[in-house]
Amino acid sequence: MTEQTDDLRETVRRRYAAAAVQVTAGGTACCGPAAIEVDENFGGTLYAADERDQLPAEAVAASLGCGNPTAVADLREGERVLDLGSGGGIDVLLSARRVGPTGKAYGLDMTEEMLALALANQKKAGATNVEFLKGTIEAIPLPANTVDVIISNCVINLSTDKPAVFAEMLRVLAPCGRIGISDVVADDTLTPAGRAERGDYVGCIAGALSFAEYREGLAAAGFTGIEISPTHSVADGMHSAIVRAVKPVAGEDAGREGN
């Protein structure tokens, strides 16, 4: 990695470590830990109240995502699911409930402080079909063909090597496995410089791909059935979007987009 890449990753790590410490150390509201301060386009308020009520308050307070990937991934009983950039564990714990005791939910995060918070939240939730892993989303510490579904909530835009992320996602998915993620995506007319004018890298804006770049990156990795659907605006020309795609079985045409 270049020095600039290392610096960006360290900036991201520090930001999320500080967020975890804030929740763990206890800025409290009247009914539990105070949520990390973000605007209305990010955070725990993007989850339904009945989902939030199922989880430890600390898991909800630590949420910094731009969507609710468990609501779009169509998780089923017995499936194995992996959350990239799992943070305080909100999506892992929700996934664990959906896949049930015969399924498995993995969470992957590079930040020690977030992993410690996630493990504490797992214990509070009593989730036994959960495993948290330390590592980066560019080098997922799981064997090939391990999971049926990959979710992620506003994390891939933070990567400094998105082709590596897409390649790793394809590697660890079983054939016919799928992704159902939330991420920030830019209008195709918005240049990288224009994206940087609207927000910084650690704020999930400057590092976002455009719609076309996202499709091309997933197709180049080998995904099919690619669909990218914007849900709400997070800045001028920048959107929270749902991204879906499928890992084909051997011999299928890669890169075929969905309708």
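Described in the following lines is the structure provided in the data block. (Residues numbered from 1 in each chain as written. Predicted model: local features only at pLDDT ≥ 70, side-chain atom pairs only at ≥ 80, totals over all residues. Heavy atoms only, no water.)

1. Some points on the pairing of strand β7 (residues 173-186)
Next up, step 1: Judged by how many residues are buried, β7 sits mostly within the fold: twelve of 14 residues are covered.
Next up, step 2: Inspection of the sheet shows strand β6 (residues 147-152) paired to β7 by three bridges, in the parallel sense. Note on β7: the bridge partner recorded for Val 147 is Leu 173.
Next up, step 3: One ladder, built from nine bridges, connects β7 with strand β10 (residues 238-246); its direction is antiparallel. By the bridge assignment for β10, Ala 186 is matched with Met 238.
Next up, step 4: Summarising the sheet, β7 and strand β8 (residues 209-210) pair through two bridges and their orientation is parallel. From the neighbouring strand, Val 185 faces β8, where its bridge partner is Leu 209. (Buried < 20%, exposed > 50% of the residue type's maximum accessible area, 1.4 Å probe, protein only. Helix = DSSP H or I, 4+ residues; strand = E, 2+ residues; numbered from the N terminus. Pairing = 2+ DSSP bridges.)

2. Some details on helix α6 (residues 162-172)
Next up, step 1: Within α6, eight of the eleven residues are buried, which leaves it mostly tucked inside the rest of the structure.
Next up, step 2: Looking at the packing, one finds that the buried side of α6 touches β3 (80-84), β6, β7, β8 and α8 (211-221). (Contact = heavy atoms within 4.5 Å.)

3. Comments concerning the environment of Gly 126
Next up, step 1: As for its position among the elements, Gly 126 is in the loop between α5 (112-125) and β5 (130-134).
Next up, step 2: Sequence separation between Gly 126 and Leu 93 is 33 residues, and the spatial gap between their C-alpha atoms is 9.6 Å.

4. Structural notes on the pattern of salt bridges
Next up, step 1: For the structure shown, the criterion picks out ten salt bridges.
Next up, step 2: For Glu 197, the salt bridge is made with Arg 198, and the minimal N-O distance between the two is 4.0 Å.
Next up, step 3: One continuous salt-bridge network, built from bridges that share partners, spans Asp 74, Arg 76, Glu 79 and Arg 178. (Salt bridge = Lys/Arg side-chain N within 4 Å of Asp/Glu carboxyl O.)

5. Topic: the nonpolar core
Next up, step 1: In this structure, Leu 82, Met 169, Ile 179, Tyr 214 and Leu 218 are the most contacted members of the largest nonpolar core, which totals 31 residues.
Next up, step 2: Counting residues in hydrophobic clusters, the runner-up holds 15 residues, among them Ala 73, Val 92, Ala 96 and Ala 105. (Core = buried A, V, L, I, M, F, W, Y, C linked by side-chain atoms within 4.5 Å.)

6. Notes on the packing of α6 against α8
Next up, step 1: The contact between α6 and α8 brings their axes to 9 Å, and the two run at 45°. Regarding the angle of α6 to α8, the classification is oblique. Note that α6 runs across α8; the crossing there is right-handed. Across the interface between the two elements, Phe 166, Ala 167, Met 169 and Leu 170 from α6 touch Tyr 214, Gly 217, Leu 218 and Ala 221 from α8.
Next up, step 2: Split by residue class, the contact of α6 with α8 holds seven nonpolar, one polar and no charged. (Axes fitted to C-alpha atoms, helices over the stretch in contact; angles between N-to-C directions. Parallel < 35°, antiparallel > 145°, perpendicular 65-115°, else oblique. Left-handed = near helix turned anticlockwise from the far one by under 90°. Nonpolar A, V, L, I, M, F, W, Y, C, P; charged D, E, K, R; others polar.)

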